[in-house]
Amino acid sequence: MYFQPKATIVYQPPLLSLVSALTNPDHRQEAARIVARHAGAENLLIFVRDLELGTLLPAPGFIQTLPNARQWHDFVGECQIGHTINRQLSFPGPAGEAQVTGIAGEDGSVLVLLGGTPNVEIVLDIALLLPLLAAAFEGERRAIIAKGSARIAKQAADQAKLLATSLETARSALRTALSDAEEANRAKDRFLAALSHELRTPLTPVLIAVTAMERESELSELTRHDLEMIRRNVELEVNLIDDLLDLSRVISGKLRLRRETLDLNRLAAQALEICAPYLLEKKIRLETDLSPTALTIVVDATRVQQVLWNLLKNAVKFTPENGSLSVKTTAGMDGIARFIVRDSGVGIEPEALTRIFGVFEQGNVNTPREFGGLGLGLAISKAITNAHGGGLLAESPGLGKGATFTVELPLTTPVESGQRLQPSPIAPANPGHLARILVAEDHRDTAQLLMRILHRAGHGVKTVASVTEALESLKTERFDLLLSDVGLPDASGYELMRSASKLYGIAGIAMSGFGMDDDIRRSLEAGFAEHLTKPLDIQHLKQVIQRVLTAG
Ligand code: ADP
């Protein structure tokens, strides 16, 4: 039997697999020591080129900060030029320095072996693998940078998300605030409408009664005077309520215009006619200079009348007795028609000239006490002229020196010289159609007064106080017109109008203490031909009745 001698087989892993262990960042330090020992040294370092900085730096995972950096820098520089270089260099550790052997690879990376007596053959073999290692380290570096960028990108994304959330929170707070404000606005509109209704309703019978009484022939001068005073004050109250309503429309931008083609001269003449008694009363001299050519404008007649009348009223109000007032209309070559009122009154301080167009603004310091008013007229007038694409201007040389107000409205046709002013006669008195009118009104005083007035105008009248009674009457009798309050006790006037129009084809006029745009629209939608806001102006009521009867 042969004796098998005992042999120790030392397994030497191939150099490539030893070196490739260096590419694993988790075990790099350990792999470095194994490779170094394999080459007869204690440890190793690899310097690779940093592509961005263009210089050699320790590869990732190796010691990064070396003492006496200048020395090291020069050493790796020399390694790139020469072959293998040995040197004593500062190194962290108890000894403070180390014996180092450096060799450059083909790609310029430098392998440095620390301590021991490195085997040159093995060192050269490792150096051959340096480009592979450098490529792996570069990939690692890029991955680290990419990871950093990804982290930064994530941070940015997180921040963007946070921003988006806070933006959405702010937006939703804004939306809530906006809807609160809109609700508050609607509440204010409702409040204004309700307030004007409450304020107007009791004035209706007073105004109708006073107007009716004034017609009685056997009145003492004193009673007539008192009645006139009562009517004037009630009318003033109504005007103030109208101003408040207008103001709410102006502020909410809901001013609705019913445009028609008109001559500004004609509107001016009508406004002056209304103004005449007030001028007479204060002995104010009036000069008029109306353009000889027609000033054709497409405007809402009632609204423009309101503006002209407001300016004339102010001119009279702010001009003392025996003062003077001039009214002029012109057609500018700029395509603008102008209505100019100049007075010799109290004038306006320069700094107040723009302020007076603000809501609730009054000009001179003592205006309110002396002259009354709320400071709404000019704000409303300006909004009306602006809504027509025109404007309203104020001028004054100063306190005590009078004021000039100019209304500007766009002309529709170019001005031709020699074009004559169309005569604008005031419509002759017309007895009009006489009709049988059914009045649906539950307010007893108002119903009785309407009955008297319509009787006096020659109409046949029946009054009822509910929708049921009204429909009963329509079923059994013939009527030409329905004049109905909107708020009746058993159902609304709208419902009455819908049934009356469907069953009997009768035309109707709505009466309501509510005069907002929405109220008017609802009446028209229900089938009423017109909407009258209380308190009723008797003349206007008669005109509207004639208009509806004629149209029918
Ligand atoms: P109100 O007359 O009701 O106070 P307005 O809006 O019509 O409100 O006028 C605002 C202010 O403009 C007046 O209070 C007054 O100070 C000034 N103002 C208006 N018209 C004239 C005028 N013709 N002369 C002097 N001041 C005027």
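Rules of the game
- Residues numbered from 1 in each chain as written.
- Predicted model: local features only at pLDDT ≥ 70, side-chain atom pairs only at ≥ 80, totals over all residues.
- Heavy atoms only, no water.
- Helix = DSSP H or I, 4+ residues; strand = E, 2+ residues; numbered from the N terminus.
- Buried < 20%, exposed > 50% of the residue type's maximum accessible area, 1.4 Å probe, protein only.
- Contact = heavy atoms within 4.5 Å.
- Areas by Shrake-Rupley, 256 points an atom, 1.4 Å probe, with all protein chains shown as cover.
- Salt bridge = Lys/Arg side-chain N within 4 Å of Asp/Glu carboxyl O.
- Axes fitted to C-alpha atoms, helices over the stretch in contact; angles between N-to-C directions.
- Parallel < 35°, antiparallel > 145°, perpendicular 65-115°, else oblique.
- Left-handed = near helix turned anticlockwise from the far one by under 90°.
- Polar contact = N/O pair within 3.5 Å; in protein donor to acceptor, adjacent residues only side chain to side chain.
- Phe/Tyr/Trp six-rings, centres within 6.5 Å; stacked < 30°, edge-to-face > 60°.
- Pairing = 2+ DSSP bridges.

A. Just the overall build of the protein chain, in detail. Along its length, the protein chain carries 16 helices and 17 strands. Here the protein chain, with 552 residues, has 42% of them falling under the buried criterion. Partitioning the contacts of the protein chain with sequence separation of at least 6, the portion at a separation of at least 24 is 66%. When the accessible surface of the protein chain is split by element, carbon and sulfur atoms take 57% of a total near 30400 Å².

B. Fine view of the pattern of salt bridges. Throughout the structure, instances matching the rule amount to 20 salt bridges. Among the salt bridges present, the one from Asp 158 reaches Lys 154, with a minimum N-O distance of 3.2 Å. Here the residue Asp 158 and the residue Lys 154 both occupy positions in helix H5 (residues 130-200), the gap between them amounting to four residues, near one helical turn. Given the relative accessible area of 53%, Lys 154 is considered exposed. Between Arg 338 and Asp 334 there is a salt bridge, and its shortest N-O distance comes to 2.9 Å. A relative accessible area of 49% places Asp 334 in the partly exposed class.

C. Highlighting the packing of helix H8 (residues 264-281) against helix H9 (residues 301-317). Packing of H8 against H9 leaves a shortest axis separation of 9 Å and a crossing angle of 40°. With respect to each other, H8 and H9 are oriented oblique. Viewed along their axes, H8 and H9 form a crossing whose handedness is right-handed. Taken together, the residues of H9 that come into contact with H8 (itself represented by Leu 264, Leu 267, Ala 268, Gln 270, Ala 271, Leu 272, Ile 274, Cys 275, Tyr 278 and Leu 279) are Ala 301, Val 304, Gln 305, Leu 308, Trp 309, Leu 312 and Val 316.

D. Molecular detail of the side chain of Ser 396. Structurally, the position occupied by Ser 396 is in the loop between strand E11 (391-395) and strand E12 (403-410). With relative accessibility at 15%, the residue Ser 396 sits in the buried group. There is a polar contact of 3.0 Å between the side chain of Ser 396 and the backbone nitrogen of Ile 348. Looking at Ser 396, its side chain comes within polar contact range of the main-chain nitrogen of Gly 398, at 3.2 Å. Setting aside residues no more than four positions away along its own chain, Ser 396 makes contact with Gly 347, Ile 348, Leu 353, Gly 402 and Ala 403.

E. Main features of the packing of aromatic side chains. Scanning the model with the defined rule gives five aromatic pairs in all. Plain terms: the ring middles of Phe 47 and Trp 72 are 6.0 Å apart, the flat faces sit at 25° to each other, and that makes the pair stacked. Taken together, the residues span a long stretch of sequence, with Phe 47 in strand E1 (residues 43-50) and Trp 72 in helix H3 (residues 69-81) at a distance of 25 residues. Classification of Phe 47 by relative accessible area gives buried; the value is 3%. On the numbers, 5.7 Å between centres and 50° between planes, the contact of Tyr 278 with Trp 309 is tilted. Linking Tyr 278 in helix H8 with Trp 309 in helix H9, this pair joins segments that are 31 residues apart in sequence.

F. Expanded view of the sheet that holds strand E17 (residues 530-533). Strand order in the open sheet formed by five strands is E14-E13-E15-E16-E17, with parallel pairing between adjacent strands. In this open sheet, the two strands that pair with only one neighbour each are strand E14 (460-464) and E17. Between one strand axis and the next, the sheet turns through 20° on average, direction left out of account. Summarising the sheet, strand E13 (residues 436-440) and strand E15 (residues 481-485) pair through four bridges and their orientation is parallel. Counted as the bridge partner of Leu 438 is Leu 482 from E15. Lying over the sheet, helix H12 (residues 444-456) contacts E13, E14, E15 and strand E16 (507-512), oriented at roughly 170° with respect to E14.

That's the geometry; what it means functionally is another story.
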